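# Residue-level structural notes
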Amino acid sequence: MAKEEQDRILEEVTSKEYEYGFVSDIDSDTIEKGLNEDVIRLISEKKNEPAFMLEYRLKAFRHWQKMEMPDWAYLDIPPIDFQEISYYAAPKKKPQLNSLDEVDPELLETFNKLGIPLEEQKVLSGVAVDAVIDSVSVKTTFKEELAKKGIIFCSFSEAVQDHPDLVKKYLGSVVPYTDNYFAALNAAVFSDGSFCYIPKGVRCPMELSTYFRINAANTGQFERTLIVADEGGYVSYLEGCTAPQRDENQLHAAVVEIVVKKDAEVKYSTVQNWFPGDKQGKGGIYNFVTKRGICKGDHSKLTWAQIETGSAVTWKYPSTILKGDYSSSEFYSVALTNHHQQADTGTKMIHLGKNTRSLIVSKGISAGKSQNSYRGLVKVAKNAENARNFSQCDSLLMGDKCGAHTFPYLEISNNSAKVEHEATTSKIGEDQIFYCNQRGMDTEKAVGLIVNGYVKEVINKMPMEFAVEAQKLLAISLEGSVG
Amino acid sequence: MIKITDLHAEIDGKEILKGLSLEVKAGEVHAIMGPNGAGKSTLANVLSGNEAYEVTKGEVLFEGKDLLDLSVEDRAKEGLFLGFQYPVEIPGVSMINFLKIAHAEHRKYRGLEPLSASEFLKLLKEKKALVEIDSKLTNRSVNEGFSGGEKKKNEIFQMAMLDPKLAILDETDSGLDIDALRIVAGGVNKLRRKDNATIIITHYQRLLEHIVPDFVHVLADGKIVKSGPKELALELEEKGYDWLTR
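In short, a report on the structure.

So, how was this worked out
- Residues numbered from 1 in each chain as written.
- Chains lettered and ligands numbered in written order.
- Predicted model: local features only at pLDDT ≥ 70, side-chain atom pairs only at ≥ 80, totals over all residues.
- Heavy atoms only, no water.
- Pairing = 2+ DSSP bridges.
- Helix = DSSP H or I, 4+ residues; strand = E, 2+ residues; numbered from the N terminus.
- Contact = heavy atoms within 4.5 Å.
- Buried area = accessible area lost by both parts, 1.4 Å probe.
- Salt bridge = Lys/Arg side-chain N within 4 Å of Asp/Glu carboxyl O.
- Polar contact = N/O pair within 3.5 Å; in protein donor to acceptor, adjacent residues only side chain to side chain.
- Nonpolar A, V, L, I, M, F, W, Y, C, P; charged D, E, K, R; others polar.
- 1 Å grid on protein atoms, 1.4 Å probe; cavity = no way out; pocket = protein on both sides within 12 Å on 5 of 7 lines; lining within 4 Å.
- Points joined across faces, edges and corners; volume = space filled by probe spheres on them.
- Expected span 1.5 Å × (residues − 1).
- Buried < 20%, exposed > 50% of the residue type's maximum accessible area, 1.4 Å probe, protein only.

The next point concerns the sheet that holds strand β2 (residues 14-24) of chain B. Sheet strands pair by backbone hydrogen bonding; their relative direction is either parallel or antiparallel. Residue and element names in this part refer to chain B. Strand order in the open sheet made by the four strands is β2-β1-β4-β5, with antiparallel pairing throughout. Each of the sheet's edge strands pairs with one partner strand only, and the pair in question is β2 and β5 (65-66). Relative to strand β4 (residues 53-62), strand β1 (residues 2-11) runs antiparallel, the two being bridged by eight bridges. Bridge pairing in β4 places Lys3 opposite Leu61.

Where interface size is quoted, it is often the accessible area lost as the parts come together. Taken together, the contacts link 18 residues of chain A with 31 residues of chain B. Interface of chain A and chain B: buried area, both sides summed, is about 2000 Å²; carbon and sulfur atoms make up 66% of it. For the chain A face of the interface with chain B, the top three residues by lost area are Phe434, Tyr435 and Arg439 of chain A, together amounting to 38%. In this structure, the connection of chain A to chain B is made through two salt bridges. Glu105 of chain B is the salt-bridge partner of Lys445 of chain A, the closest N and O atoms lying 3.1 Å from each other. Summed over the shared surface of chain A and chain B, the result is 12 residue pairs in polar contact (both at pLDDT 80 or more). Broken down by secondary-structure element, the contributors of at least two residues to the side of chain A that touches chain B are α11 (430-438) and α12 (443-454) of chain A. For the side of chain A that touches chain B, the per-class residue count stands at seven nonpolar, six polar and five charged.

Once that is clear, we can look at the layout of surface pockets. Where empty space is left in the structure can be found by rolling a water-sized probe over the atoms. Taken as a whole, the second largest pocket encloses approximately 920 Å³ of empty space. Around the second largest pocket sit 26 residues that line it, and Gly448, Asn452, Gln471 and Lys472 of chain A together with Ile101 of chain B are the ones nearest its centre. If you list the elements that add at least two residues to the lining of the second largest pocket, you get α12, α13 (456-459) and α14 (464-477) of chain A together with β7 (90-94) and α3 (95-109) of chain B. Broken down by element, the residue count for the lining of the second largest pocket peaks at seven residues, all from α14 of chain A. Classifying every residue of the lining of the second largest pocket gives 11 nonpolar, eight polar and seven charged.

This part takes up α3 of chain B. An α-helix turns once per 3.6 residues; consequently, residues spaced three or four apart project the same way. Residues and elements named next belong to chain B. Between its first and last C-alpha atoms α3 spans 21 Å; for 15 residues at 1.5 Å apiece the expected length is 21 Å, and the two agree. When α3 is considered as a whole, its buried residues turn out to be Met95, Phe98, Leu99, Ala102, His103, Glu105, His106 and Arg107. With its phi angle positive at about 75 degrees, Gly111 sits one or two positions after the end of α3.

By themselves, these observations are geometric and do not establish any function.
Next up, the structure:
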């Protein structure tokens, strides 16, 4: 950072009164704990953002201050002290290790079980890597290929610099900062994230995931994603990675916005495997995510597919607003909780246009002492003629100390709507396990097999390359939950 | 092959097997008959290691090894197969995938690599023909939506795939129509060899018309009360069990 700039920031920051005793240490690239308007100004400044961004952040912050943390979810969360968090840290350099011998053996074991290639293990665990996988060059070739088609795929920060008009047009258009407590917080302080724009009539030639596999490990605490598919465009996007993600930050509040125009299609898949806390329920990530897409034009389509096995607390309801006539949306979800994990997750399907369709397939798996809730809303507006919804919510219980709960909400304002809801709760059968045992499989393998059968409908919706890993991930997450 | 000596076992504190002894040698087929509640299914479950049952006394040697010391899956991989009376459904898991994993586990136990996909499919095809099972069944989820007859055929098919040393068939004939019975029995007969053995647990004599046993045993009140040649089955059919248990 230039000397003049440093001085200017220092001047600006120190010439104000701080309610919370805010001190900025500009030698390092991390801001002291605490949150106030100056922190927000500083974040925006450090990122060299245009004025509209700062304005947006400040409005969001002021709104957030008037809000209260929601408590309606079936979650037991200790109070979070928002002043105890540092809201800006430049991407931390991970401690460089010289070889895999220095990596936590437990982590390596999990990598091996997932079948992650050796070179990739090194990248994910922070070992210096030679030329075999050069993520920079991978990224460059990748970008060139996309650029030829006019696809923009970059970090949110780059998008703010290089495509401010697009950002300005779509930021907050699906999830306004007024939407909820965590969305407001994210809008005020978000660090970075991804931006993707698919131009008219372009089909993205690859899953936007290969690149992410390496890079997702470094995503920030307050991530912001914006995906826009223009008319007739198509993209399949995968967020996250199956490798275990260790993160120092306990609170995560991400926002994902997706805009799907006429005849366009977006498929958004998530694998969430944040640290769930240990077996005693200590530690773990609190994951408060707002994900929403709008099927803006006629015949547009948005598909959500997610596998959630991580985090101590998950609060997440990927939703679709079906605005265009004949637009459709599908939601496929597996949420697995073990030990002391808690998940309150589901979806919202808001039918506004005519002849809109939605499908919900939710598979909950609870083990250990965990609590797993499905919460879903199907709303059909007055003018949404001939809306159709089918929801299937299944819960699988393992053992007798866990809980599964279903909270379906229906708001139907049009008589032509057809809405169906099916729910089942089952226990993994001793007899099923015995049957598998008798055919030569040990109990862990048997449980993995039975669970994977149970979630097959959802796994089939995941991008191919991740389907196999996702299956292994489920088995690993259930280790020690039977027997 | 297997030598059971003075076996006692209980479930929920209730003693079911009360000192059962039986020896089956390689190449033999034994039929165990007996009235309801005699302990026939308990014997099948105890030998395969179902943890719902507790062995309180006795010894079982399988190929010279202490069977009771092994886990359910190790017993299976040592070559003990149980044809279930009520085969269990596993939704979402295809029969092919299920067998592929089971087969690979058996091979791993013997220090062998799993078969390649093409080798496995070849084996599958071969065994399917042997037990006359429909291709459609193997593509469906394990036992899901199978008719009673299909489930039993599927048990024999799995037996053919896993090629056990000792197969225990628990009431395999129950719920079968005459055609299915013929196919199931045909499968078992084709799998009979000098180096394997079969224990058939049955209520009725009619299965034994198709699978001819070397020995017939009557199990009543937790013990073998009478053993004899195959003709014993006919005698039982005629006289019932009462004369033996009184």
